[in-house]
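Single-letter residue listing:
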Amino acid sequence: MIMAWNDKQTEKNRCFFQSLIHALRGLKTVVEEERNMRYHLFLGTSAIVLGFICHISKYEWLWLVCAIVLVLMAEMANTAFEVLVDLVTNKTYHPLAKKIKDMSAGMVLLSAFFALFVGMVIFLPKIIHVWFGN
Ligand SMILES: Nc1ncnc2c1ncn2[C@@H]1O[C@H](COP(=O)(O)OP(=O)(O)OP(=O)(O)O)[C@@H](O)[C@H]1O
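Procedures and definitions
- Residues numbered from 1 in each chain as written.
- Predicted model: local features only at pLDDT ≥ 70, side-chain atom pairs only at ≥ 80, totals over all residues.
- Heavy atoms only, no water.
- Salt bridge = Lys/Arg side-chain N within 4 Å of Asp/Glu carboxyl O.
- Helix = DSSP H or I, 4+ residues; strand = E, 2+ residues; numbered from the N terminus.
- 1 Å grid on protein atoms, 1.4 Å probe; cavity = no way out; pocket = protein on both sides within 12 Å on 5 of 7 lines; lining within 4 Å.
- Points joined across faces, edges and corners; volume = space filled by probe spheres on them.
- Nonpolar A, V, L, I, M, F, W, Y, C, P; charged D, E, K, R; others polar.
- UniProt positions renumbered as here; feature names shortened; annotations may be inferred.
- Contact = heavy atoms within 4.5 Å.
- Expected span 1.5 Å × (residues − 1).
- Bend = angle between axes of the 7 residues up to and from the residue.
- Buried < 20%, exposed > 50% of the residue type's maximum accessible area, 1.4 Å probe, protein only.
- Near = heavy atom within 4 Å.
- Polar contact = N/O pair within 3.5 Å; in protein donor to acceptor, adjacent residues only side chain to side chain.
- Areas by Shrake-Rupley, 256 points an atom, 1.4 Å probe, with all protein chains shown as cover.

So, about the pattern of salt bridges. By the definition in use, this model includes four salt bridges. Residue Lys-126 is joined to Glu-60 by a salt bridge in which the shortest nitrogen-to-oxygen separation is 3.2 Å. One end of the pair, Lys-126, is in helix 4 (residues 95-132); the other, Glu-60, is in helix 3 (residues 58-89), with 66 residues separating them in the sequence. One salt bridge connects Asp-102 with Lys-98, and the closest N-O pair in it is separated by 3.0 Å. Residue Asp-102 and its partner Lys-98 are both found in helix 4; the two are separated by four residues, about one turn of the helix.

Encoded structure:
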């Protein structure tokens, strides 16, 4: 049965464009609904601006963008786990639900530590150079 795109679809997407629309809607939802995602986006954008200001090299850009994308992906996966857990538990307490949500939050923390490390390796020497001139 052919469905209009705003019907309550549960069938497979019919074409790449429809898959793309749903994927973009997923990105929009996580940005609109997750405060932490907006923090990560703000910090990521700030790091990119700093990258332009400091004229970082091609390889530094690769590491920086990798770290930023990793954090955004981890936040999206964390949000998806949270929604899935809420769907299954209907927001009632369950020790396994706690385990899943806490581990998923740990994934975001790990990616954030990695991004912090990458940011420090790239920017700290440049900032020290500007401040202390050596
Ligand atoms: N159904 C549940 N059963 C048991 N513990 C839960 C349940 N839902 C949430 N928790 C506990 O509450 C915490 C907060 O859950 P919540 O879904 O509100 O995450 P959040 O505040 O959106 O997390 P984040 O800051 O990572 O976005 C979880 O990390 C978990 O320890």
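On to the layout of surface pockets. One number sums up the size of the largest pocket: a volume of about 450 Å³. Elements with a minimum of two residues in the lining of the largest pocket: helix 2 (35-53), helix 3 and helix 4. The biggest single contributor to the lining of the largest pocket is helix 4, with eight residues. Taken together, the residues of the lining of the largest pocket break down into 15 nonpolar, four polar and no charged.

With that settled, consider the UniProt feature "binding site: a divalent metal cation" (unreviewed entry) in the chain. Look at the UniProt record and you will see "binding site: a divalent metal cation" (unreviewed entry) annotated at Glu-34 and Glu-82. Taken along the chain, the residues just named run across 49 residues; in space they keep tight, none of their C-alpha pairs more than 11.1 Å apart. Mapped onto the elements, Glu-34 comes out in the loop between helix 1 (16-33) and helix 2. Non-local contacts of Glu-34, meaning those with residues more than four positions away in its chain, are made with Thr-29, Glu-75, Thr-79 and Glu-82.

What follows deals with helix 4. For helix 4, which comprises 38 residues, the first-to-last C-alpha distance of 52 Å matches the rise-based estimate of 56 Å (1.5 Å per residue) to within 8%. Considering bend angle alone, the principal kink of helix 4 is centred on Phe-123 and spans about 35 degrees; proline Pro-125 follows within four residues of it. Ala-97, Ser-104, Val-108, Ser-111, Val-118, Gly-119, Ile-122 and Phe-123 are the residues of helix 4 that are buried.

Around the ligand lies a shell formed by Glu-34, Asn-36, Asn-78, Glu-82, Thr-89, Thr-92, Tyr-93, His-94, Ala-97, Lys-98, Lys-101 and Asp-102. In this structure, Asn-36 approaches the ligand through a side-chain N or O atom, which is 3.3 Å from an oxygen atom. Here Asp-102 contributes a side-chain N or O atom positioned 2.6 Å from an oxygen atom of the ligand. When the ligand is considered free in solution it has 630 Å² of accessible area, and contact with the protein chains removes 62% of it. Elements with a contribution of two residues or more to the shell around the ligand: helix 3 and helix 4. Per element, the largest residue contribution to the shell around the ligand is four residues, and it comes from helix 4.

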